[in-house]
Amino acid sequence: MAENVKPKVRVPKTAAAGEAITLKTLISHPMESGQRKDGDGKLIPRSIINRFTCDFNGQNVIDVTMEPAISTNPYFEFEATVPEAGTFTFTWYDDDGSVYTESQDIAIG
Amino acid sequence: MTITRRQTFMMALGATVAAAMPFRAFANATEDSVAAFTGGAEMGTEGLTLTAPEIAENGNTVPVEVSAPGAVAILLLATGNPTPDAAIFNFGPLAASQMASTRIRLAKTQNVMAIAKMADGSFVQATQEVKVTIGGCGG
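Residues numbered from 1 in each chain as written. Chains lettered and ligands numbered in written order. Predicted model: local features only at pLDDT ≥ 70, side-chain atom pairs only at ≥ 80, totals over all residues. Heavy atoms only, no water.

### Considering the overall build of chain B
Part 1 of the reasoning: If you tally the helices and strands in chain B, you get 2 helices and 9 strands.
Part 2 of the reasoning: Traced from its N-terminal end to its C-terminal end, chain B shows the element sequence α-α-β-β-β-β-β-β-β-β-β.
Part 3 of the reasoning: Here chain B holds 139 residues, and the buried ones make up 40% of them.
Part 4 of the reasoning: Long-range pairs, those at least 24 residues apart, make up 65% of the contacts in chain B between residues at least 6 apart in sequence.
Part 5 of the reasoning: Only carbon and sulfur atoms are counted for the fraction: they give 58% of the accessible area of chain B, which is about 7300 Å². (Helix = DSSP H or I, 4+ residues; strand = E, 2+ residues; numbered from the N terminus. Buried < 20%, exposed > 50% of the residue type's maximum accessible area, 1.4 Å probe, protein only. Contact = heavy atoms within 4.5 Å. Areas by Shrake-Rupley, 256 points an atom, 1.4 Å probe, with all protein chains shown as cover.)

What follows is the structure in structure tokens.
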């Protein structure tokens, strides 16, 4: 259903230890709400990303439960603490079972 | 497209129900979502900031930001949508602040509501009306 799903994340390259940084994520996805009708008046079945998580070195930053009211191409912005150098992992869970992941390293400096 | 007798009947039934109670149904759906999240607990009004535009020209993408220092989770509701739930933000140990922003769909002019669950188990609520020029639920 969902084609050309491309995650994009913005993470600073470096941060001071313990610093709070802002993370921005965007993923291209139609987020079909299940409310719309096609040309024949039939409901288009729901097909959305229903969960988004962000972890840093295995520790959770944010875990979002998503409903059809989230717009097409879901965008999230939030803040994370960086205790040490490591990797941010971003995961999106699709209704159809697909899982999209993206990771980004950050150094201390 | 072919329509069977059963489908015709179900459509007629659905239309009748929708016509009879459009507003109450939505209001109840909101109450249900709130009750499921808070368990019916009392809600305060201090400590949660909900930022949304006063007027949204396009209901398909309405930027919304919630911020509640000390919260463990924030529920975001679009009370005028067919399904009011929009998102639940659960903050983990590495969240630097209990803040998140996203973009939501609004079907029509309505109140956007946020409820924060605080670390001590209390709940805080904030509401803001957003006027929508073009609805965002298709149709």
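### Some remarks on the pattern of salt bridges
All names here are of chain A.
Part 1 of the reasoning: For the coordinates displayed, the defined rule picks out 4 salt bridges over all chains.
Part 2 of the reasoning: With a shortest N-O distance of 2.9 Å, Arg51 and Asp63 are connected by a salt bridge. Of this pair, Arg51 sits in strand E4 (residues 49-56) while Asp63 sits in strand E5 (residues 59-66), placing them 12 residues apart in sequence.
Part 3 of the reasoning: Accessibility expressed as a relative area gives 33% for Arg51, which makes it partly exposed.
Part 4 of the reasoning: Its relative accessible area of 16% is what places Asp63 among the buried residues. (Salt bridge = Lys/Arg side-chain N within 4 Å of Asp/Glu carboxyl O.)

### Thoughts on the interface of chain A and chain B
Part 1 of the reasoning: Of the residues lining the interface, 33 residues belong to chain A; the matching set on chain B comes to 30 residues.
Part 2 of the reasoning: Summed over both partners, the interface of chain A with chain B buries about 2600 Å², with 53% contributed by carbon and sulfur atoms.
Part 3 of the reasoning: Here chain A is connected to chain B by 0 salt bridges.
Part 4 of the reasoning: Counting the contacts that link chain A with chain B gives 19 residue pairs in polar contact (both at pLDDT 80 or more).
Part 5 of the reasoning: Taken together, the elements giving at least two residues each to the side of chain A that touches chain B come down to strand E3 (19-27), E5 and strand E6 (75-82) of chain A.
Part 6 of the reasoning: Examining the composition of the side of chain A that touches chain B, we find that 8 residues originate from one element, E5 of chain A, more than from any other.
Part 7 of the reasoning: Broken down by class, the residue content of the side of chain A that touches chain B amounts to 17 nonpolar, 8 polar and 8 charged.
Part 8 of the reasoning: One ladder, built from 5 bridges, connects E5 of chain A with strand E6 (residues 85-91) of chain B; its direction is antiparallel. Bridge pairing links Asp63 of chain A to Asn90 of chain B in E6 of chain B. (Buried area = accessible area lost by both parts, 1.4 Å probe. Polar contact = N/O pair within 3.5 Å; in protein donor to acceptor, adjacent residues only side chain to side chain. Nonpolar A, V, L, I, M, F, W, Y, C, P; charged D, E, K, R; others polar. Pairing = 2+ DSSP bridges.)

### Re the sheet that holds strand E2 (residues 49-51) of chain B
Part 1 of the reasoning: With respect to topology, 6 strands assemble into an open sheet ordered E1(A)-E3(A)-E6(A)-E7(B)-E4(B)-E2(B), the strand pairing being antiparallel. Every other strand in the sheet has two partners, leaving strand E1 (7-10) of chain A together with E2 of chain B as the edge strands with one partner each. Strand-to-strand twist of the sheet, defined as the mean angle between neighbouring strand axes without regard to direction, takes the value 20°.
Part 2 of the reasoning: As judged from the 6 bridges shared by strand E4 (residues 62-67) of chain B and strand E7 (residues 95-104) of chain B, these two strands associate in the antiparallel manner. Bridge pairing in E7 of chain B places Val62 of chain B opposite Ile104 of chain B. (Axes fitted to C-alpha atoms, helices over the stretch in contact; angles between N-to-C directions.)

### A short note on the packing of aromatic side chains
Part 1 of the reasoning: Counting across every chain of the model gives 7 aromatic pairs over all chains.
Part 2 of the reasoning: Seen in terms of ring centroids, Phe52 of chain A and Trp92 of chain A are 5.1 Å apart; in terms of plane orientation they differ by 35°. Their pairing is tilted. In this pair, Phe52 of chain A sits in strand E4 while Trp92 of chain A sits in strand E7 (residues 86-94), placing the two residues 40 residues apart along the sequence. Here the two residues Phe52 of chain A and Trp92 of chain A agree in accessibility, since each one is buried.
Part 3 of the reasoning: For the pair Phe37 of chain B and Phe123 of chain B, a centre-to-centre distance of 6.0 Å together with 70° between the ring planes defines the contact as edge-to-face. Here Phe37 of chain B, found in helix H2 (residues 22-38), pairs with Phe123 of chain B, found in strand E9 (residues 123-134); they are 86 residues apart in sequence, far enough to count as distant. (Phe/Tyr/Trp six-rings, centres within 6.5 Å; stacked < 30°, edge-to-face > 60°.)

Geometric descriptors of this kind do not, in isolation, establish any biological role.
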